[in-house]
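# Fold and contact review
If you want the building blocks of each chain, they are given just below.
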Amino acid sequence: MTHSILSRRALLLSGSAALAVAACSSAGADKKPPEAAADRDAYAGNEWRDLTADQWRERLSPAAFAVLRKEDTERAFTSPLENEKRDGTYHCAGCDLPLFSSAKKFDSGTGWPSFFDVMPGAVATSVDRKLIYTRTEYHCARCRGHQGHVFEDGPAPTGLRWCNNGVALSFKPA
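Since we're looking at a predicted model, the values are computed, not measured.

All right, on to helix α3 (residues 62–70) then. Working note: α-helix, 3.6 residues per turn, so residues spaced by three or four point in the same direction. If you check which residues of α3 are buried, you get Ala64, Phe65, Ala66, Val67 and Leu68. Residues of α3 that are buried sit in contact with α2 (53–59), β1 (88–92) and β7 (146–151). Positive backbone phi, at 60 degrees, marks Glu71, one or two positions downstream of α3.

Applying the stated rule across the entire model yields 6 aromatic pairs. What links up through ring pairs into an aromatic cluster is the set Tyr90, Phe100, Phe115, Tyr138, Trp162 and Phe171.

This paragraph deals with the sheet that holds strand β8 (residues 161–164). Within the open sheet, the 6 strands sit side by side as β3-β4-β8-β7-β6-β5. Their pairing is antiparallel. Both edges of this open sheet fall to β3 (105–106) and β5 (123–128), since each of them pairs with a single strand only. Pairing between strand β6 (residues 135–140) and β7: 4 bridges, direction antiparallel. Residue pairing for β7: Tyr138 is matched across the bridge by Gly148.

The rules behind each value
Counting of residues starts from 1 at the beginning of each chain's written sequence and follows it residue by residue. Where totals are concerned, whole chains, interfaces and linings use all residues; where local detail is concerned, this predicted model gives features only for residues with pLDDT of at least 70, and gives and counts side-chain atom pairs only at 80 or more. Side-chain metrics in this entry use all non-hydrogen atoms of the structure; hydrogen atoms and water are not considered. Only protein chains enter the area calculation, which uses a 1.4 Å probe; residues under 20% of their type maximum are buried, those over 50% are exposed, and those in between are partly exposed. Under the DSSP-based scheme used, a helix requires at least four consecutive residues in state H or I and a strand at least two consecutive residues in state E, with every element numbered from the N terminus. The criterion used for residue contact is that any of the two residues' heavy atoms lie within 4.5 Å. Aromatic rings from Phe, Tyr and Trp, with only the six-membered ring used for Trp, were paired whenever their centres fell within 6.5 Å, and each pair was classed as stacked if the ring planes differed by under 30 degrees, edge-to-face if by over 60, and tilted otherwise. Note: two strands are recorded as paired if DSSP finds a minimum of 2 bridges between them.

What follows is the structure, encoded as structure tokens:
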């Protein structure tokens, strides 16, 4: 009896984890976002890229360090920024670079703050092959802190969904 309860619990937990990954891993992820969003050299040689892991740990909360510097993912529906509705700007929690305007935010239903466009030159993209399929990962262009992944299932006019970890952002009201 105990064995079957544990097996059912393990099955349910693994199914929940798979759904969470799928929510931030939709179809169309193999297509690339606009190249204008991938300008890595605009911030070459800045002081943010010279910080050591220990210096980042001093500046960031453990959760923000895990996401921004170790490319972790926060649990869905845990960020207060998911429900932020005020006008303002979302900045990189690592270096304070403005990344998104609140005018480009939308409710994707995935549990992470989502946007249909980024500030020009604010992010750089790379290929992420950590899962079975390829995704497009994006980082802050200035400090290279991991933000999230971009998918081609967003609303008009871009059709993109920039799925961001809330802990990797700070919000500044207008």
